Amino acid sequence: MDSRPVGVFDSGLGGLTTVRELRTLLPGERIVYFGDTGRVPYGTRSRETIRRYAMQDVSFLLSKGVKLIVIACNTASVALDGETLPVPSVGALLPAVPAACRATVNKRVAVIGTPATVRSGAYEKALLQADPSLSVLTVACPLFVPLVENGFTAPDDPVTRLVAEKYLTPVREFGADTLILGCTHYPVIEALIASVMGEGVFLINSGREAARAARELLLSRDAAGTGPGDCRYYVSDSTADFAENARAILGRDVSGQVERVNIESY
Ligand code: DGL
């Protein structure tokens, strides 16, 4: 047993979908979450900038004495690829790959993510390494992140649906039976994405797979927390806006647990 907290970070709200999974899988864990709400989005920036931001996010979490870092942001996971951190870490990207390989029957797998994630080719590479017989299509969906950050998340939201139709039409035409939600913001609009994709397409939530990988890692090291479990939230912009949007994702009020930090000082 290791009572130190687990650190989780994302460019904004999206990583809360991973926190939701972690709270279910590891209820005895203390979690420290950092959402870089002042600098979101990451996915439209250069790799150097994303890496610099992500390293500052890591430094902040290390200052909280975390035992493990869950890089809930796919975009940051790609930018930090090859980086050795002072504590063990779990990225958002790799755990989704075996899940997709298990799920697909027709061997056609699609991935949606930020422009930076898609541009990196990291999902394609990892999927084809795991199963060379796959056909892989990756599609960037940059407008999903601001829509989620601004609360356009209802399953019948007409604006988000229009954007989803535009982005997902090539995925439908490609005939994928498995779609990786390769950005932690996307599970917030999972119901809408599922309805645009239609029946028979299996959606893989990369945040859920990362949470499962984090659980396995902690259990294998006998380091899972066994306390009452709690979560503290830190953001780089308005705490009130974050708390309001977090309520929709987590299903409870976290307003007393959110603090603002100056991330540029890390
Ligand atoms: N949620 C992040 C991801 O998983 C990135 C969103 C963004 O800041 O562009 O890729």
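Above this text you will find the structure in question.
Quick summary incoming for the structure in this document. (Residues numbered from 1 in each chain as written. Predicted model: local features only at pLDDT ≥ 70, side-chain atom pairs only at ≥ 80, totals over all residues. Heavy atoms only, no water.)

1. Considerations on the sheet that holds strand β2 (residues 30-35)
Part 1: Strand order in the open sheet made by the six strands is β4-β3-β1-β2-β9-β10, with parallel pairing throughout. Two strands in the sheet have a free side with no partner beyond their single neighbour: β4 (89-91) and β10 (258-260). Adjacent strand axes in the sheet meet at a mean angle of 20°, parallel and antiparallel pairs treated alike.
Part 2: Both strand β3 (residues 68-71) and β4 contribute to a ladder of three bridges, which runs parallel. Counted as the bridge partner of I71 is G91 from β4.
Part 3: Across the sheet, helix α2 (residues 47-63) is in contact with β1 (6-10), β2, β3 and β9 (230-235); its angle to β1 comes to roughly 155°. (Pairing = 2+ DSSP bridges. Helix = DSSP H or I, 4+ residues; strand = E, 2+ residues; numbered from the N terminus. Axes fitted to C-alpha atoms, helices over the stretch in contact; angles between N-to-C directions. Contact = heavy atoms within 4.5 Å.)

2. A word on the nonpolar core
Part 1: Counting 56 residues, the largest nonpolar core has L16, I112, F144, I193 and Y233 as its most contacted members.
Part 2: Here this core gets six residues from one element, more than from any other, and that element is helix α8 (residues 158-174).
Part 3: Ignoring anything within four residues of it in the chain, the contact list for Y233 reads L16, V19, Y33, F242, L250, R252, V254, Q257, V258 and E259.
Part 4: If you look at the next biggest cluster of nonpolar residues, it comprises 23 residues, including I50, V66, A79 and V261. (Core = buried A, V, L, I, M, F, W, Y, C linked by side-chain atoms within 4.5 Å. Buried < 20%, exposed > 50% of the residue type's maximum accessible area, 1.4 Å probe, protein only.)

3. What about the packing of helix α4 (residues 96-103) against helix α6 (residues 122-130)?
Part 1: Contact pair α4 / α6: the axes reach a minimum separation of 10 Å and the direction vectors enclose 55°. Classified by the angle their axes make, α4 and α6 are oblique. α4 and α6 meet at a crossing whose hand is right-handed. Across the interface between the two elements, A96, V97, A100 and C101 from α4 touch Y123, A126, L127 and A130 from α6. (Parallel < 35°, antiparallel > 145°, perpendicular 65-115°, else oblique. Left-handed = near helix turned anticlockwise from the far one by under 90°.)

4. Observations regarding the state of the cysteines
Put plainly, a disulfide is one covalent bond tying together the sulfur atoms of two cysteines.
Part 1: Taken as a whole, this structure holds zero disulfides when the rule is applied.
Part 2: Between C141, a free cysteine, and C183, which holds the nearest cysteine sulfur, the sulfur-to-sulfur gap is 8.8 Å.
Part 3: Assessed through its relative accessible area of 0%, C141 is described here as buried.
Part 4: Looking at the unpaired C183, the closest cysteine sulfur is the one in C73, lying at 6.7 Å.
Part 5: Among the residues examined, C183 registers a relative accessible area of 5% and is labelled buried. (Disulfide = S-S within 2.5 Å.)

5. Topic: the side chain of E21
Part 1: Here E21 shows up in helix α1 (residues 16-25).
Part 2: When sequence neighbours within four positions are dropped, the list of residues in contact with E21 reads N205, R208 and A211.

6. Details of the pairing of β2
Part 1: Of all six residues in β2, five are buried; the element is thus mostly enclosed.
Part 2: The pairing of β1 with β2 spans five bridges and is parallel. The partner of G7 across the bridge, within β2, is V32.
Part 3: Running through α1, the crossover from β1 to the neighbouring parallel element β2 is right-handed.
Part 4: One ladder, built from six bridges, connects β2 with β9; its direction is parallel. Counterpart to G35 in the pairing with β9 is V235. (Right-handed = clockwise from strand over helix to strand, strands pointing away.)

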